[in-house]
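Spelled out, the chains give:
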Amino acid sequence: MPLTHLEPSPEQIEQDKVYRTMGLTEEEYQKVKELLGRKPNYTETGLFSVMWSEHCSYKTSKPVLKYFPTSGEHVLQGPGEGAGIVDIGDGQAVVFKIESHNHPSAIEPYQGAATGVGGIIRDVFSMGARPVALLDSLRFGDLDNSRVRYLFEEVVSGIAGYGNCIGIPTVGGELQFDNCYNGNPLVNAMCVGIMNHEDIQVGQARGIGNTVMYVGASTGRDGINGATFASEEISEKSDEKRSAVQVGDPFMEKLLVEACLELTKHEALVGIQDMGAAGLVSSASEMAAKAGVGIHMNLDLIPQRETEMTPYEMMLSESQERMLIVIKKGSEEEIKAIFARWGLHAVAVGEVIEEEVLRLEHKGTIVADVPSDSLASAPVRHMPSKVPASYLANQAAPNWLPEINNYEKTIKKLLGQPTLASKEWVTRQYDYMVQTNTVVAPGSDAAVVRVRGTKKGLAMTTDCNAKYLALDPNEGGKIAVAEAARNIVCSGGLPLAITDCLNFGSPENPEVFWQIDESVKGMAKACEELKTPVISGNVSLYNETDRGAIDPTPVVGMVGLVEDLDHVMTAPFKNEGDLVYVIGKANPEFGGSALQILIDGEVSGKAPVLDLELEKSRQAKVLEAIKLGYLASAHDVSEGGLAIAVAESVFGTEFGCDLQFDSDPAVELFSETQSRYLVTVPEASKSAFESLIDDAVLVGKVTRSETLNIDFASSTVTLNRPELENEWRGALSCIMSAKN
Amino acid sequence: MKTAVIVFPGSNCDQDMYYAIKDGLGEEVDYVWHAETSLDGYDAIMIPGGFSYGDYLRSGAIARFAGIMPAVIKAAEQGKPVLGVCNGFQILLEAGLLPGAMLKNKHLKFICETVNLKVENNETQFTTLYDKDEVIRIPIAHGEGNYFCDDATLKELEENNRIVFTYSGENPNGSRADIAGIINPAGNVLGMMPHPERAADALLGSDDGLRLFQSILNHWRESTHAAYTS
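Residues numbered from 1 in each chain as written. Chains lettered and ligands numbered in written order. Predicted model: local features only at pLDDT ≥ 70, side-chain atom pairs only at ≥ 80, totals over all residues.

Chemist: Just checking my understanding: could you explain the overall build of chain B for this structure?
Modeler: When helices and strands are tallied, chain B shows five helices and 11 strands. In terms of overall dimensions, chain B is globule-like: its C-alpha atoms have a radius of gyration of 16 Å, near the 17 Å expected for 230 residues. Its C-alpha atoms give chain B principal-axis dimensions of about 50 × 40 × 40 Å. Out of the 230 residues in chain B, the part that is buried amounts to 54%. In chain B, 76% of the contacts between residues at least 6 apart in sequence involve partners at least 24 apart. (Helix = DSSP H or I, 4+ residues; strand = E, 2+ residues; numbered from the N terminus. Rg over C-alpha atoms; globule rule 2.2 N^0.38 Å. Buried ≥ 20, exposed ≤ 12 C-beta atoms within 10 Å, placed from the backbone. Contact = placed C-beta atoms within 7 Å.)

Chemist: For this particular structure, what's the right way to read the overall build of chain A?
Modeler: Across its full length, chain A carries 27 helices and 28 strands. Over its C-alpha trace chain A gives a radius of gyration of 26 Å, about what one expects of a compact globule, namely 27 Å for 740 residues. Dimensions of chain A along its principal axes, counting C-alpha atoms only, are 85 × 55 × 45 Å. A buried classification covers 62% of the 740 residues belonging to chain A.

Chemist: What is the right way to read the domain arrangement of chain A from this model?
Modeler: In many reports, interface size means the accessible area that the parts give up when they come together. All names here are of chain A. On domain assignment, one finds that chain A holds domain 1 (3-51), domain 2 (201-376) and domain 3 (389-537 + 544-738). Computed from C-alpha coordinates alone, the two centres of domain 1 and domain 2 are separated by 22 Å. Counting residues at the interface gives 16 residues for domain 1 and 21 residues for domain 2. Residue contributions to the side of domain 1 that touches domain 2 peak at nine residues, all from helix α4 (residues 42-51). Split by residue class, the side of domain 1 that touches domain 2 holds nine nonpolar, five polar and two charged. (Domains from an automatic or database assignment. Nonpolar A, V, L, I, M, F, W, Y, C, P; charged D, E, K, R; others polar.)

Chemist: How should I be thinking about unusual backbone geometry in this particular structure?
Modeler: Excluding glycine, residues mostly carry a negative phi; peptide bonds, for their part, are mostly trans. All names here are of chain B. You will see that Tyr53, though not glycine, has its phi angle at about 55°, which is positive. Here Tyr53 is to be found in the loop between β3 (44-47) and α2 (69-77). Its identity is not glycine, yet Asn161 carries a phi of approximately 60°, on the positive side. Topologically, Asn161 is positioned in the loop between α4 (151-159) and β9 (163-167). Residue Asn161 is classed as partly exposed on the basis of its 13 C-beta neighbours within 10 Å.

Chemist: What should I look at first to understand the packing of helix α20 (residues 473-490) of chain A against helix α21 (residues 510-530) of chain A in this one?
Modeler: How two helices sit against one another is set out by the angle between their axes and by the gap between those axes. Residues and elements named next belong to chain A. Look at α20 against α21: their axes get within 7 Å of each other, and the N-to-C directions meet at 40°. Between α20 and α21, the angle is such that the two are oblique. Taken as a pair, α20 and α21 cross one another with a handedness that is right-handed. Across the interface between the two elements, Pro473, Asn474, Glu475, Gly476, Gly477, Lys478, Ala480, Val481, Ala482 and Ala485 from α20 touch Gln515, Glu518, Ser519, Val520, Lys521, Gly522, Met523, Lys525, Ala526, Cys527 and Leu530 from α21. Looking at the contact of α20 with α21 residue by residue, the classes come out as 10 nonpolar, six polar and five charged. (Axes fitted to C-alpha atoms, helices over the stretch in contact; angles between N-to-C directions. Parallel < 35°, antiparallel > 145°, perpendicular 65-115°, else oblique. Left-handed = near helix turned anticlockwise from the far one by under 90°.)

Chemist: How should I be thinking about the environment of Gly46(A) in this particular structure?
Modeler: Residue and element names in this part refer to chain A. With respect to the secondary-structure elements, Gly46 resides in helix α4. The exposure class assigned to Gly46 is buried, which follows from the 28 C-beta atoms found within 10 Å. Along the sequence, Gly46 and Ser633 sit 587 residues apart, while their C-alpha atoms lie 56 Å from each other. The contacts of Gly46, once residues within four sequence positions are left out, are Met22, Tyr312, Met315 and Leu316.

Chemist: When you look at the UniProt feature "active site" (unreviewed entry) in chain B in this model, what are you seeing that I'm missing?
Modeler: Residues and elements named next belong to chain B. UniProt marks Cys86, His195 and Glu197 with the feature "active site" (unreviewed entry), using the numbering shown here. Despite a sequence span of 112 residues, these residues sit close together in the fold, their greatest C-alpha distance being 10.9 Å. With respect to the element layout, His195 can be found in the loop between β11 (189-192) and α5 (210-229). Every residue in contact with His195, bar those within four places of it in the chain, is listed here: Cys13, Gly49, Val85, Cys86, Ile138, Pro139, Ile140 and Ala141. (UniProt positions renumbered as here; feature names shortened; annotations may be inferred.)

Chemist: Would you explain the sheet that holds strand β5 (residues 170-177) of chain A in this entry?
Modeler: Strand-to-strand pairing in sheets goes through backbone hydrogen bonds, with the strands running parallel or antiparallel. Residue and element names in this part refer to chain A. Reading across from one edge, β1-β2-β3-β6-β4-β5 is the order of the six strands in this open sheet, with mixed pairing throughout. The open sheet is flanked by β1 (75-77) and β5, the only strands paired with a single partner. Pairwise comparison of adjacent strand axes, ignoring direction, gives a mean angle of 20° for this sheet. In this sheet, β5 lies alongside strand β4 (residues 130-140) in parallel orientation, the contact comprising seven bridges. Each residue of the ladder has a partner; that of Leu135, found in β5, is Gly172. (Pairing = 2+ DSSP bridges.)

Chemist: How should the UniProt feature "domain: PurM-like C-terminal" (unreviewed entry) in chain A be read in this particular structure?
Modeler: Under the local residue numbering, the UniProt record ascribes the feature "domain: PurM-like C-terminal" (unreviewed entry) to residues 208-362 and 576-707 of chain A. Helix makes up 34% of residues 576-707 of chain A and strand makes up 21%, while its end C-alpha atoms are separated by 13 Å.

Chemist: Before we go on, may I ask you to explain the interface of chain B and chain A in this structure?
Modeler: Counting residues at the interface gives 23 residues for chain B, matched by 22 residues for chain A. Put simply, the parts of the chain that give the side of chain B that touches chain A at least two residues each are α1 (14-25), β6 (111-119) and β7 (135-142) of chain B. Among the residues making up the side of chain B that touches chain A, the classes are represented as 12 nonpolar, five polar and six charged.

Chemist: It is not clear to me how the sheet that holds strand β11 (residues 345-353) of chain A should be interpreted in this structure. Could you clarify?
Modeler: All names here are of chain A. Read from one edge to the other, the open sheet built from seven strands follows the order β8-β10-β7-β11-β9-β12-β13, with strand pairing classed as mixed. The two strands at the open ends of the sheet, each matched to only one other strand, are β8 (269-274) and β13 (365-371). Adjacent strand axes in the sheet meet at a mean angle of 25° when their direction is disregarded. Those strands touched by helix α14 (residues 332-341) are β7 (211-216), β10 (322-327) and β11, and its axis lies near 145° from that of β11.

Chemist: Looking at this structure, how should I read the UniProt feature "binding site: Mg(2+) 1" (unreviewed entry) in chain A?
Modeler: All names here are of chain A. Per the UniProt annotation, the sites labelled "binding site: Mg(2+) 1" (unreviewed entry) are Glu99 and Asn538. The named residues occupy 440 residues along the chain; their greatest pairwise C-alpha distance, 5.4 Å, places them in one compact cluster. With respect to the element layout, Glu99 can be found in strand β3 (residues 92-100). In contact with Glu99, not counting residues within four places along its chain, are Gly116, Gly119, Ile120, Asp123, Asn188, Ala189, Cys501 and Asn538. Mapping Asn538 onto the fold places it in strand β18 (residues 534-540). You can call Asn538 buried: it has 26 C-beta atoms within 10 Å. Setting aside its immediate chain neighbours within four residues, Asn538 contacts Ile98, Glu99, Ser100 and Cys501.

Chemist: Help me understand helix α3 (residues 26-36) of chain A, please; the structure alone is not making it clear to me.
Modeler: In an α-helix, one turn spans 3.6 residues, which is why side chains three or four residues apart end up on the same side. Residues and elements named next belong to chain A. Along α3, the positions that sit buried rather than exposed are Glu28, Tyr29 and Val32. One side of α3 holds all its buried residues, which, seen down the axis, span an arc of 100°. Exposed residues pointing more than 90 degrees away from the buried face of α3 are listed as Glu26, Glu27 and Glu34. Its buried side turned inward, α3 meets α2 (18-21) and α4. (Arc of directions from axis to C-beta.)

Chemist: Just to check I follow, could you spell out the environment of Glu14(A) for this structure?
Modeler: One can find Glu14(A) in helix α1 (residues 10-15). Through-space distance from the C-alpha of Glu14(A) to that of Val117(A) is 38 Å; in sequence the pair is 103 residues apart.

Chemist: Any chance you could explain the pairing of strand β16 (residues 457-463) of chain A here in plain terms?
Modeler: Note on strand geometry: in a regular strand, side chains alternate between the two faces of the sheet. All names here are of chain A. With seven of seven residues buried, β16 lies mostly within the body of the structure. Sheet analysis places strand β15 (residues 447-450) next to β16, joined by four bridges and oriented antiparallel. Residue pairing for β16: Val449 is matched across the bridge by Leu458. As defined by bridge partners, β16 adjoins strand β21 (residues 553-562) across seven bridges and the pair is classed as antiparallel. Across the sheet, Asp463 pairs through a bridge with Val556, a residue of β21.

Chemist: I'm lost on α2(B) in this one. Help?
Modeler: Residue and element names in this part refer to chain B. Of all the residues in α2, the buried ones are Met69, Ala71, Val72, Ala75 and Ala76. With its buried residues spanning 155° around the axis, α2 presents them on a single face. Packing partners of the buried residues in α2 comprise β3, β4 (82-85) and β11. At the C-terminal side of α2, Gly79 shows a positive phi close to 90°.

Chemist: Before we go on, may I ask you to explain the confidence of the model for chain B in this structure?
Modeler: Reading fine detail from the predicted coordinates is not recommended where pLDDT is low. The predicted model of chain B has a mean per-residue pLDDT of 96, with 98% of residues at 70 or higher. Under the prediction, the complex receives an ipTM of 0.95, its pTM being 0.95. (pLDDT = per-residue confidence, 0-100.)

Chemist: In this structure, what is going on with the pairing of β5(A)? I would like to understand it.
Modeler: β5(A) sits mainly inside the fold: six of its eight residues count as buried. Once the chain exits β4(A) it traverses helix α9 (residues 146-166) of chain A before rejoining the sheet at β5(A), and the crossover so formed is right-handed. (Right-handed = clockwise from strand over helix to strand, strands pointing away.)

So, in structure tokens, the structure goes:
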């Protein structure tokens, strides 16, 4: 017998405020009563508690998300479905989305990260697209901490374990380390897919009388209440919630991808949706609500891997690798045959009904009966906002200027910082080549994946420098978008659109809410200006531990179109004798810079200022120069400044360089002034390039040498490439092997 | 030449192999589902990489029982070229078509990178277009590519020139005697951990793997020509 008789009655739920322990507030419970016209039973209370959690409802972030531009010339599908879709010409489209799995990864890092990857893949193929690439944006605490090293190692293994097995290349992402993520790592996974326009699917339950089918893995008790758990701060008690972390099976998902892609070609398919966060309840209620219909489901028919499961458990389970589909009535057997070929369940569990309710039947009785749209309409919360005193103090602080005695040592030290060091220790654990379309592998500004059968490619990246946002969320939000676009441009792509993963602390703290509000305003402004609308995304709040909130970290995932693979550009220097140019003048901007962190151990002052108009025109010009074939290499100047950009451009090559500047060495080498590029131009293209980009400054030449000579009026900086490269390449593996 | 690419549940390099043959080599190629029982009509058999059946037990341990495997063994006995790459190599080991076994990589982590391979034997039908001792660039991507065999087997492999490829320079996974690929005594079944199908297009960084497929094609042309004229 399922233990339903032990569940509290509607009266007890109200009396003992059971809803509070399930995550509903007083006001929300009252609202549920009002919507139902009665007291909810235990199962229904559970449905509302997960669907009205921040993770599923965006109830707190909704007012802020309105700032984002979400439409544009090429946008075929904006936010609201599994993933957004953008036209790339020739009847094809790119589909992408990023999503967080921070909370599960903090508790059970391997499975937390693995299922994060699995979930985002389902979002993409549920739109009808074949997933072609994965990216992972990761943040961890200080690697001196053994728990952090454990989290880091296991998260990377989890991503590798899932992505490698399912056969989707992990081509990029980012990895940063900072104390603020000590107990609360950020694990954001992005998936990119390619599809034909005619195959676009939606998660809608249209057509009264049509059949609702359950496909994929069976339902167990894993992950129950995961969405609610993701909407709370992480505390010592979080370990008790290990059962709220799901377990992934990439093999099952591989079968599911192939079966579902066959299914999307079948004319009987009406709608398809991933059972992601909040599992069956979210997929069923959202599919019904979006189509303005209802769904009647018989829970006795749900494939179950455990015995005696209650309706509550079945509906809230977050078992992985499951999809809910709606098909034309009468085609059940054909659909079953598709799934049977892949060894998967496809079970008719309900039907689309006219009455707009989600009605659940279990052992002959109706166990839940709620309006379908009520679950998707959590009361929006308007949170108070307050400008943090630290922001005002940083704005008023005198400009921070470094004192550097030894430039060589400083550059070497910077290159050994885990955030700036080579990420090979991580990327070589990921299969970045499977599917044989990876034209630019991890490690460059953006990865480039070929669109097979065409001359086109997709450039993709994730970016966010949270240190700028910690000082100034508005400016930092703009920079996150602009930097992503710069990386796309440096790879030869035209930025198309973004997906975002908004990682913040608790919105109930007015200062954190101010950060959220300002960050999104800044990002939205940059998206408007750079014509990169937001087509999908995810919000992850409550990223805090008893030590406080994380730095605001709204990660931008961007995809660009490389029109012709001949335009693909990378950072490394290519030929001896090529001319080295810097585009953009360095100002003494060090707030939030890698240099400031190295010297002070913390950030202060003002973040770099971004001039969006300049940013836009420069991006257009650099892309033009790439397309015209003037450039041999291109690299944006970002964290660590020009010194790091130059070093990264010689690593893995046999080149050095001779550069001359008449500026201040500290500013020239380490400033993080925005909208700057380091490019090389073959002598033959000199005049054409200079007339196209008239403010580019010729600073020297590429040499065939192990030495990098950088001359200033006051001093000369001489660096040895192999020495720098050893430091840079070995830093992460050295930390990870020495301390384990 | 008509080639079969076997597809197991969980194969994930099947398409890469398919395109290497179709686009790289320009020859006819079909996917063949694991539940099929015949490979009649195919001139060459490819067992691609991936994670057949999830490889939750031991790599290739379940796939060797698939319906298609008796047909693969028959094709091998008939002298048709059979190439197993990565998981395909593991399956050939499990099926007993090649000797030895795979252990986890020495550092216990999955490794994906392009490595230097030395062509130890260029007299097989898979390697005639390479020079002996030539070093080629071919990607690896595996967690269990640490080839192991006992002393007697190693001696037998060495003495009969059955080690076709070795890792040149750093051994990435700890495999015995740097072994990256071995062949059966008859010389028509090759198992290798590196992925030649990932090195069949210069756009992706290397086309050193293409010559392996071209070697198979040349051998097939010569042998069918010989058959017609004899």
